[in-house]
Amino acid sequence: MDIAKGAAAVALLGAWARGPTWLPVALGAAAVLGHIYSPFVRFRGGKGVATAGGMFLALAPLAVLIALLVWGITLWLTGFVSVSSIVTVLTFPVWVRLTEPDASSAFWASVAVALLIVFAHRDNIKRLAAGTENRFRTRGGGGGGGGGGGGDGVVLSDRPTVGPSDP
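Thresholds, definitions, all that
- Residues numbered from 1 in each chain as written.
- Predicted model: local features only at pLDDT ≥ 70, side-chain atom pairs only at ≥ 80, totals over all residues.
- Heavy atoms only, no water.
- Axes fitted to C-alpha atoms, helices over the stretch in contact; angles between N-to-C directions.
- Helix = DSSP H or I, 4+ residues; strand = E, 2+ residues; numbered from the N terminus.
- Parallel < 35°, antiparallel > 145°, perpendicular 65-115°, else oblique.
- Contact = heavy atoms within 4.5 Å.
- Nonpolar A, V, L, I, M, F, W, Y, C, P; charged D, E, K, R; others polar.
- Phe/Tyr/Trp six-rings, centres within 6.5 Å; stacked < 30°, edge-to-face > 60°.
- Buried < 20%, exposed > 50% of the residue type's maximum accessible area, 1.4 Å probe, protein only.
- Lys NZ or Arg CZ within 6 Å of the ring centre and 35° of its normal.
- Left-handed = near helix turned anticlockwise from the far one by under 90°.

Time to look at the packing of helix α2 (residues 23-36) against helix α3 (residues 49-59). One can describe the packing of α2 onto α3 by two numbers: an axis separation of 9 Å at closest approach and a directional angle of 170°. On the basis of their axis angle, the class for α2 and α3 is roughly antiparallel. Of the residues in α3, those in contact with Val25, Gly28, Ala29, Ala31, Val32 and His35 of α2 are Thr51, Ala52, Met55 and Leu59. Along the lines of polarity and charge, the residues of the contact of α2 with α3 split into seven nonpolar, three polar and no charged.

Rendered as structure tokens:
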């Protein structure tokens, strides 16, 4: 639903408005801002990653494909969804510039949205620094107690992790 929100703002409303080239970008950015600071939940919405993904799916689809690969690899390597999201949005402007070199408004929007999403993750960053962020383990993992422990599945862990390996 969040992806559709961002994509619809750009693809449907942007095309319908027939305005300047920056208008679809502004509509997508408004959707991301509306998701993060939703008045329906006392201006405390989500992190904006999926809505931004939808926005850029309509603006720079190849950049989004590259970003999905970056997100997946980062999740596999670190086990943290928040780290994956932050690394992905920080590298995303590079993918936009490489895949859509003539779309300067999309590039600058990707920079602004990346900064906004990192800001939205400030609590996650604090938990990562404190070693209390929840880990979403995708490899290795299993270990002690709880039956099985082969580590082939995906496990959401509420145990804080400090080092690169989790016993």
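Don't stop here, the text continues.
This paragraph deals with the packing of aromatic side chains. Summed over the entire model, instances satisfying the criterion amount to two aromatic pairs. On the basis of an interplanar angle of 65° and a centroid distance of 4.9 Å, the ring pair of phenylalanine 56 and phenylalanine 92 is categorised as edge-to-face. Residue phenylalanine 56 is located in helix α3, and its partner phenylalanine 92 is located in helix α5 (residues 81-99); the two are separated by 36 residues in the primary sequence. Phenylalanine 92 shares its class with phenylalanine 56; the two are buried. Aromatic pair phenylalanine 107 and tryptophan 108: ring centres 4.8 Å apart, planes at 70°, arrangement edge-to-face. The ring of phenylalanine 107 carries the charged tip of arginine 97 above its face, separated from the ring centre by 4.1 Å.

With that settled, the discussion passes to the packing of helix α4 (residues 61-78) against α5. Across the interface, α4 lies against α5 with an axial gap of 8 Å and an inter-helix angle of 150°. The orientation of α4 relative to α5 falls into the category roughly antiparallel. Note on packing geometry: the crossing formed by α4 with α5 is right-handed. Within the contact between the two elements, α4 uses Leu62, Ala63, Val64, Ile66, Ala67, Val70, Trp71, Thr74, Leu75 and Thr78 and α5 uses Val81, Val83, Ser84, Ser85, Val87, Thr88, Thr91, Phe92, Trp95, Val96 and Thr99.

Structural measurements only, silent on function.
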